[in-house]
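Each chain, letter by letter, is given below.
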Amino acid sequence: QVQLVESGGGLVQTGGSLRLSCTASGSTNNINVMAWYRQAPGKQRDLVASINVVGSTNYADSVKGRFTISRDNAKSTLYLQMNSLEPEDTAVYYCNARIFISNYWGQGTQVTVSS
């Protein structure tokens, strides 16, 4: 019903920046909340940031002040601006969309921060 495709991951040095994008297609009109999660090797998948339909946001403590989540509803696209990147940010980043009780996931995009 909803397809999510992430892009923008890559390799960056400590202190650098990346901007991730997630484009949604299909039945997108009823998406309530979109979010970015990340999962490092051997770790659980954790919430990074979320944004609701009117633009209210929340962030994990570890990224607060460094990352910014935004949403372009007209383009059905979610963004994550990541600044002051640290090696601890290295992970696969996943886009998530919620429609009522259903959750949809993208395939993930790798972010690697070198020291």
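Located above this text is the structure these notes cover.
So, about the overall build of the protein chain. Of regular secondary structure, the protein chain possesses 0 helices and 11 strands. Compactness check: the protein chain gives a C-alpha radius of gyration of 13 Å against a globular reference of 13 Å for 115 residues, within 12% of the reference. The principal-axis extent of the C-alpha atoms belonging to the protein chain is close to 40 × 25 × 20 Å. Out of the 115 residues in the protein chain, the part that is buried amounts to 42%. Positive and negative side-chain charges in the protein chain, numbering 9 and 7 respectively, have mean positions lying 6 Å apart.

Let us look at the packing of aromatic side chains. Enumeration according to the criterion identifies 1 aromatic pair in this entry. Taken together, a centroid distance of 5.0 Å and an interplanar angle of 65° make the contact between Tyr-37 and Trp-105 edge-to-face. Here the residue Tyr-37 occupies a position in strand S4 (residues 33–39), and Trp-105 occupies one in strand S10 (residues 102–105), the gap between them amounting to 68 residues. If you follow Arg-45 out to its NZ or CZ, it ends over the ring of Tyr-94, 3.7 Å from the centre. Across the ring face of Trp-105, the terminal group of Arg-45 is positioned such that the distance to the ring centre comes to 4.8 Å.

The next thing to look at is the pairing of S10. Across 4 bridges, the pairing between strand S9 (residues 91–99) and S10 is antiparallel. Its bridge partner being in S10, Ile-99 is matched across the sheet by Ser-102. Following S9, the chain reverses through 2 residues before pairing antiparallel with S10; Phe-100 in that reversal takes a positive phi of roughly 55°.

Next up on the list: the nonpolar core. The biggest cluster of nonpolar side chains holds 29 residues, and the ones touching the most others in it are Leu-4, Trp-36, Leu-80, Met-82 and Tyr-93. Looking at this core, the elements that each hand over two or more residues are strand S1 (2–7), strand S3 (18–26), S4, strand S5 (46–52), strand S7 (67–72), strand S8 (77–82), S9 and strand S11 (109–114). The greatest single-element share of this core, amounting to 5 residues, is contributed by S9. Once residues lying within four places of it in the same chain are set aside, the contact partners of Tyr-93 are Glu-6, Leu-20, Trp-36, Tyr-37, Arg-38, Val-48, Phe-67, Leu-80, Met-82, Gly-108, Thr-109 and Val-111.

What counts and how
Residues numbered from 1 in each chain as written. Predicted model: local features only at pLDDT ≥ 70, side-chain atom pairs only at ≥ 80, totals over all residues. Heavy atoms only, no water. Helix = DSSP H or I, 4+ residues; strand = E, 2+ residues; numbered from the N terminus. Rg over C-alpha atoms; globule rule 2.2 N^0.38 Å. Buried < 20%, exposed > 50% of the residue type's maximum accessible area, 1.4 Å probe, protein only. Lys, Arg positive; Asp, Glu negative; His and termini not counted. Charge placed at Lys NZ, Arg CZ, Asp CG, Glu CD. Phe/Tyr/Trp six-rings, centres within 6.5 Å; stacked < 30°, edge-to-face > 60°. Lys NZ or Arg CZ within 6 Å of the ring centre and 35° of its normal. Pairing = 2+ DSSP bridges. Core = buried A, V, L, I, M, F, W, Y, C linked by side-chain atoms within 4.5 Å. Contact = heavy atoms within 4.5 Å.

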